[in-house]
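# Observations on the model geometry
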Amino acid sequence: MCGVFGVTNTENASKIAYLGLFALQHRGQESAGISCTDENVIHTHRNAGLVSDVFKEEQLVKLEGNHALGHVRYSTAGGNIGANIQPLTARIGGIPVSLSHNGNIVNSDELRTHLENSGAILQATADTELILHIMARSNKATFLEKLMHSFEELCGAFSLLILTPTHLYAVVDACGYRPLSLGKLKSSNGLPSWVLSSETCAMDLVGATFIRDIAPGEILSIELATGERKSHYFNLTAFQSLKRQHAKCIFEHVYFARPDSLVWNILANDARFAMGEALAKNNPVDADMVIAVPDSGVPMAMGYAHASGIPYKIGLIRNHYVGRTFIEPTQNVRNFKVRLKLNPVRETVRGKKVVVIDDSIVRGTTSRKIIELLYEAGAKEVHMRIASPPVKYPCYYGIDTPKRKELLAQIMTPLEMNDHLKSETLAFLSEEQLIAVMQKFQQKPTLQKEEKENGGWCTACFTGNYQDEIAQTKGYAEKREVL
Ligand SMILES: O=P(O)(O)OC[C@H]1O[C@H](OP(=O)(O)OP(=O)(O)O)[C@H](O)[C@@H]1O
Ligand SMILES: NC(=O)CC[C@H](N)C(=O)O
Ligand code: SF4
Ligand SMILES: [Mg+2]
């Protein structure tokens, strides 16, 4: 679930991009990179590690130019190797290009085979490089046409930023799985200075104002010399003939986005609070206190406490020097990190009936460990309440739950999960309840044709209903592995 950030027409563009990526660090902790353009050259620096490790003053001053884009990576394809670190750079039709990608291309295996069989030399193992190759092979005349043309070959999730010496392009696939927002910075030379970011929290940090989201199927082109922007749209008739719907990732609101971000114009913090309220109304429990699994469970626990009238207490403390455990690439690291990261407050929970709120159970690593820790700390009863439905199916659109058999809800019923986790009781928000919460935030009085199903939200990791046949087929193949 990477983070992308871009900025045009500003002095110190590399430093603004650095700050933007810093605010998006929660979306990817494996590697970071920035490209800047000045005249005809694109300068790039990228490496493995956190933004603050990869970039020091020394690297940032070398990234000359008033226009920049950047990337923080959480690998969903091809693993954590150097060649996959973004932004990726290439020359297409003689034009230097830098590309940052958030999402996951579902038909990457087929595209890779086809490209390799026809002589392409691929350097990376991730999906993103394929986009550059497809564009390079397009017989269309202009860069924009090549970009538009590549849409026809790509299936899956791609929110892209593409920098050339003359333009910055912002692209969102026709289902609109991943967020990408446009904002504006104050500029000193009379021309507009645009900001594009996976989340608006990065705009807050650099002092930009949020303007709007890039729409599903939109290519926004910004001319660097003038700041002029134009919107172009993917052929919607072709999209509709595929019977696809808009499919904004509901998990962005459940877990991924920072609570202070407006995601599709809904504040993630408000959505999470409302999920917690709905959870309390639908799954009440007799308890002395509500506690959150920090960080992402906090707004939901506050909503649960508000709706239930049970006091909210801080019963688990998070060590902030440990990153997100769910997006760590290996299970050993994930297990150890939960212990390193979360510590119960003995004096608060001892002898008490506690209801613990988390946003999701994926592999069950976090819940199992914290229930054990809370009982060790003297809690009398530990009830788990989860503010989303059981995650039963893998995501092929940019979250790394690659194998169905790794998902706890896939191999166990909620009752079996309760036994396995050793909680007193366990309950989830249902898919209908989650959708109902999100619908309340939709501002439009009537939904568009493409939003009729589920209000335009993707919920495939809860239901197994993927938008495209390729993902559906992958899902069936993995089902055979589970059975
Ligand atoms: O069932 P699991 O496989 O353990 O995954 C689910 C947990 O992972 C996430 O937290 P994470 O620690 O990644 O990040 P957070 O600190 O932002 O909540 C999520 O919020 C759950 O707590
Ligand atoms: N999490 C993401 O958005 C990852 C982007 C791309 N699929 C990669 O693995 O590099
Ligand atoms: S499958 Fe789940 S995580 Fe993946 S895009 Fe859909 S809602 Fe988001
Ligand atoms: Mg968590």
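Values in this document were obtained by computation on a predicted structure and should not be read as measured data.

## As for the sheet that holds strand β11 (residues 209-213)
The strand order β3-β2-β4-β1-β10-β9-β11 describes an open sheet built from seven strands, whose pairing is antiparallel. At either margin of the open sheet sits one strand with a lone partner, and together these are β3 (41-48) and β11. Taken pair by pair, the neighbouring strands of this sheet meet at an average axis angle of 15°, ignoring direction. As defined by bridge partners, strand β1 (residues 3-7) adjoins strand β10 (residues 193-197) across three bridges and the pair is classed as antiparallel. Bridged to V7 within β10 is V195.

## Comments concerning the domain arrangement of the chain
How large an interface is tends to be reported as the accessible area lost when its parts come together. For the chain, the domain assignment lists domain 1 (3-244) and domain 2 (252-482). In this structure, domain 1 and domain 2 have C-alpha centres spaced 30 Å apart. Between domain 1 and domain 2, the contact holds 32 residues from the first and 29 residues from the second. Between domain 1 and domain 2 the total buried area reaches about 2,700 Å² when both faces are included, carbon and sulfur atoms providing 54% of it. Applying the counting rule to domain 1 against domain 2 returns two salt bridges. In this structure, E252 and R178 form a salt bridge, with 3.0 Å as the shortest nitrogen-oxygen distance. Taken together, the connections running from domain 1 to domain 2 amount to 11 residue pairs in polar contact (both at pLDDT 80 or more). Taken together, the elements giving at least two residues each to the side of domain 1 that touches domain 2 come down to β6 (95-105), α4 (108-117), β7 (156-163), α7 (201-206), β11 and α8 (236-241).

## Points about the UniProt feature "active site" (unreviewed entry) in the chain
Following the UniProt record, the feature "active site" (unreviewed entry) maps to C2 here. Here C2 falls in the buried class, since its relative accessible area comes to 4%.

## Brief notes about the UniProt feature "domain: Glutamine amidotransferase type-2" (unreviewed entry) in the chain
The UniProt feature table records "domain: Glutamine amidotransferase type-2" (unreviewed entry) at residues 2-225. Regarding residues 2-225, the helix share stands at 25% and the strand share at 35%, and the terminal C-alpha atoms are separated by 28 Å.

## Examining the site of ligand 3
Surveying the vicinity of ligand 3 reveals the residues R178, C249, I250, F251, C395, Y397, I399, C458, A460 and C461. Mapped onto the shell around ligand 3, the elements with two or more residues apiece are α9 (250-256) and α18 (460-463). Its residues placed into classes, the shell around ligand 3 shows nine nonpolar, no polar and one charged.

## Notes on the sheet that holds strand β20 (residues 353-358)
The parallel open sheet is built from four strands, whose spatial order is β17-β20-β21-β22. Looking along the sheet, the strands with just one partner apiece sit at the ends: β17 (289-292) and β22 (425-428). Taking each pair of neighbouring strands and ignoring which way they run, the sheet shows an average axis angle of 25°. In this sheet, strand β21 (residues 381-386) lies alongside β20 in parallel orientation, the contact comprising six bridges. Counted as the bridge partner of D358 is I386 from β21.

## Looking at the environment of S197
Mapped onto the secondary structure, S197 falls in strand β10. Separated by 186 residues in sequence, S197 and E11 have C-alpha atoms that sit 18 Å apart. When sequence neighbours within four positions are dropped, the list of residues in contact with S197 reads V4, F5, L24, L180, S181, A202 and M203. A polar side-chain atom of S197 sits 2.7 Å from the main-chain carbonyl oxygen of E199.

## Some remarks on unusual backbone geometry
Looking along the chain, the bond that leaves Q86 and enters P87 is cis, with omega of 5°. Note that the residue after P294, namely D295, is joined by a cis bond; omega there is 0°. Counting through the fold element by element, D295 comes out in the loop between β17 and α11 (298-308). Of note in the backbone geometry, E39 takes a positive phi value of approximately 55° without being a glycine. Relative to the elements of secondary structure, E39 occurs in the loop between β2 (31-38) and β3. The phi torsion at W264 lies on the positive side, around 50°, for a residue other than glycine.

Scoring rules and cut-offs
- Residues numbered from 1 in each chain as written.
- Chains lettered and ligands numbered in written order.
- Predicted model: local features only at pLDDT ≥ 70, side-chain atom pairs only at ≥ 80, totals over all residues.
- Heavy atoms only, no water.
- Pairing = 2+ DSSP bridges.
- Helix = DSSP H or I, 4+ residues; strand = E, 2+ residues; numbered from the N terminus.
- Axes fitted to C-alpha atoms, helices over the stretch in contact; angles between N-to-C directions.
- Domains from an automatic or database assignment.
- Contact = heavy atoms within 4.5 Å.
- Buried area = accessible area lost by both parts, 1.4 Å probe.
- Salt bridge = Lys/Arg side-chain N within 4 Å of Asp/Glu carboxyl O.
- Polar contact = N/O pair within 3.5 Å; in protein donor to acceptor, adjacent residues only side chain to side chain.
- UniProt positions renumbered as here; feature names shortened; annotations may be inferred.
- Buried < 20%, exposed > 50% of the residue type's maximum accessible area, 1.4 Å probe, protein only.
- Near = heavy atom within 4 Å.
- Nonpolar A, V, L, I, M, F, W, Y, C, P; charged D, E, K, R; others polar.

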